[in-house]
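What follows is the residue order along each chain.
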Amino acid sequence: LFDGIYPFYPQQRKAAVFDISTIIVIVVFLTLACSFLLIIPGIRGRARLYWTLRVLLSLFVGVVIVVVQFTGDWETGWVQANPSYKSFSRVQVNADIGLHVGLAGVNVTLRGNPVQQINETINYNEHFPWSFGADYDRSYSQGLHKGLPSPILYVAEKFSSQSPCAVHRQYRIAGHYASAMLWAAFCTWVISNILFSMPVLVYGGYMLLVTGAFMIFSLISFSTVRNSPMCLIQIGTRTLHVAYGGSFWLMLAIGLLCFVGGITIVAMHHLSLGLLKTFFDLREDKAEEHQEMPEVFINPHFRRKGL
């Protein structure tokens, strides 16, 4: 390494939406799902369908809760413009500029149209973290020292703590509390699965409602950044606008799914407990439940002694 950079090789970059942490989480949950699919043929009858539906839905909820912690598309925006490529230069390039906001930082993407222009490859994706323990301003200063293209530095400067936009603190705190709510939702998701397996179905339904509530709270926490007026990101003659991205809407959908599932389980517990037990494969055979012993054998030794 030369000053922390691989010599003669491009510096490692963080993906805008998926990175190695996201892939690891997905692989772990896919392994659990595949392991369950291997044993599902051993379940007989209609219970096989119920088990498959319950387990796959539960794993899907869990993987979404964890994965969105590392994705970078809670807010996204793209614009095509002809900005200046370097500082103190009038050379312009035709490029797509993208902004991807996550819970832990922001990614700025610059991709040329075409990629090869002015004898250079214009394809950048730079990550600037603002999570606790990370220094956003230091990352921005490193970008200045590396000589990143002007559009990337211009967009990243809007989120620095020294920017007149004053949105750095709001995004950092909102992302921190949204992440904390999601980890709490993951814990309640684990507890709900434990309660369903004990089985204590109604309390599992209550805990599923709590899981959905923590998800909604995380969305509310992140959306508080909209209360602060955002500076215009003017690139050439075009303006870069951001909107809620895929992770935000996916988390909203999963939160509503948990609410619907929890309400359904609690309602069925009070209205149709037998149907609920059937879905969770807990319905006992009534013939065996009320079966009487057809024949009783008594030890003659105990009969003689009056026992």
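Not measured: the values here are computed from a predicted model.

> It is not clear to me how the pairing of strand β3 (residues 105-117) should be interpreted in this structure. Could you clarify?
In terms of strand pairing, strand β2 (residues 95-101) meets β3 through 7 bridges, oriented antiparallel. Its bridge partner lying in β3, Gly98 is registered against Thr109. Where β2 folds back onto β3 in an antiparallel hairpin, the turn is made up of 3 residues. Pairing geometry for β3 and strand β4 (residues 120-129), over 9 bridges, is antiparallel. When the bridges of β4 are listed, Asn107 appears paired with His127. The turn linking β3 back onto β4 is made up of 2 residues, and Ile118 within it adopts a positive phi angle of 45°.

> I'm lost on the packing of aromatic side chains in this one. Help?
For any pair of aromatic rings, the description rests on two quantities: the centre-to-centre distance and the angle between the ring planes. This structure, assessed with the given rule, holds 15 aromatic pairs. On the basis of an interplanar angle of 90° and a centroid distance of 6.2 Å, the ring pair of Trp183 and Phe186 is categorised as edge-to-face. Linking Trp183 with Phe186, this pair stays in helix α5 (residues 168-197), spanning 3 residues, or about one helical turn. Classification of Trp183 by relative accessible area gives partly exposed; the value is 39%. With relative accessibility at 22%, the residue Phe186 sits in the partly exposed group. In this structure an aromatic cluster arises from ring pairing among Trp74, Phe222, Tyr244, Phe248 and Trp249. Over the aromatic face of Trp51 sits the side chain of Arg54, whose NZ or CZ is 4.4 Å from the ring centroid.

> Even after reading the chapter, I still don't get unusual backbone geometry, so can you show me in this structure?
Leave glycine aside and you will find that most residues have negative phi; peptide bonds, for their part, are mostly trans. Put simply, Asn113 and Pro114 share a cis peptide bond, and its omega is 5°. Along the polypeptide, Pro114 turns up in strand β3. Each neighbour pair has its own omega, and for Met198 with Pro199 the value is -5°, a cis peptide bond. Note that Pro199 resides in the loop between α5 and α6 (201-223). Although it is not a glycine, Ile118 adopts a positive phi angle of roughly 45°. The topology assignment puts Ile118 in the loop between β3 and β4.

> Any chance you could explain the pattern of salt bridges here in plain terms?
Pairing is possible between side chains that carry opposite charge, provided their charged atoms lie close to one another. Scanning the entire structure with this criterion turns up 2 salt bridges. Its salt-bridge partner being Glu120, residue Lys86 comes within 3.2 Å of it at the nearest N-O pair. In this pair, Lys86 is assigned in the loop between β1 (75-81) and β2 and Glu120 in strand β4, connecting sequence segments 34 residues apart. Here Lys146 ties to Glu126 by a salt bridge, and the two come within 3.7 Å at their closest N and O atoms. Taken as a pair, Lys146 in helix α3 (residues 136-146) and Glu126 in strand β4 lie far apart in primary sequence, 20 residues in all. Judged by relative accessible area, Lys146 falls into the partly exposed class, the value being 39%.

Reading guide: rules and limits
- Within any chain, residue numbers begin from 1 and follow the written order of that chain's sequence.
- For this predicted model, a pLDDT threshold of at least 70 governs which residues receive local features, and a threshold of 80 or more governs which side-chain atom pairs are given and counted, while totals over whole chains, interfaces and linings are taken from all residues.
- Side-chain measures here rest on the full set of heavy atoms in the structure, leaving out hydrogens and waters.
- Should DSSP find at least two bridges between two strands, the strands are taken to pair.
- Helix and strand assignments come from DSSP, with helices taken as H or I runs of at least 4 residues and strands as E runs of at least 2, each series counted from the N terminus.
- Pairing of aromatic rings covers Phe, Tyr and Trp, the last through its six-membered ring, and needs centres within 6.5 Å; plane angles under 30 degrees mean stacked, over 60 mean edge-to-face, and all others mean tilted.
- Buried means the residue's accessible area, taken with a 1.4 Å probe over protein chains only, is under 20% of the maximum for its type, while exposed means over 50%, and partly exposed covers the values in between.
- Here, a charge over a ring means that NZ of Lys or CZ of Arg falls within 6 Å of the ring centre while also lying within 35 degrees of the ring normal.
- Salt bridges are defined as contacts in which a side-chain nitrogen from Lys or Arg sits within 4 Å of a carboxyl oxygen from Asp or Glu.

Don't take any of this as a statement about function, it's just geometry.
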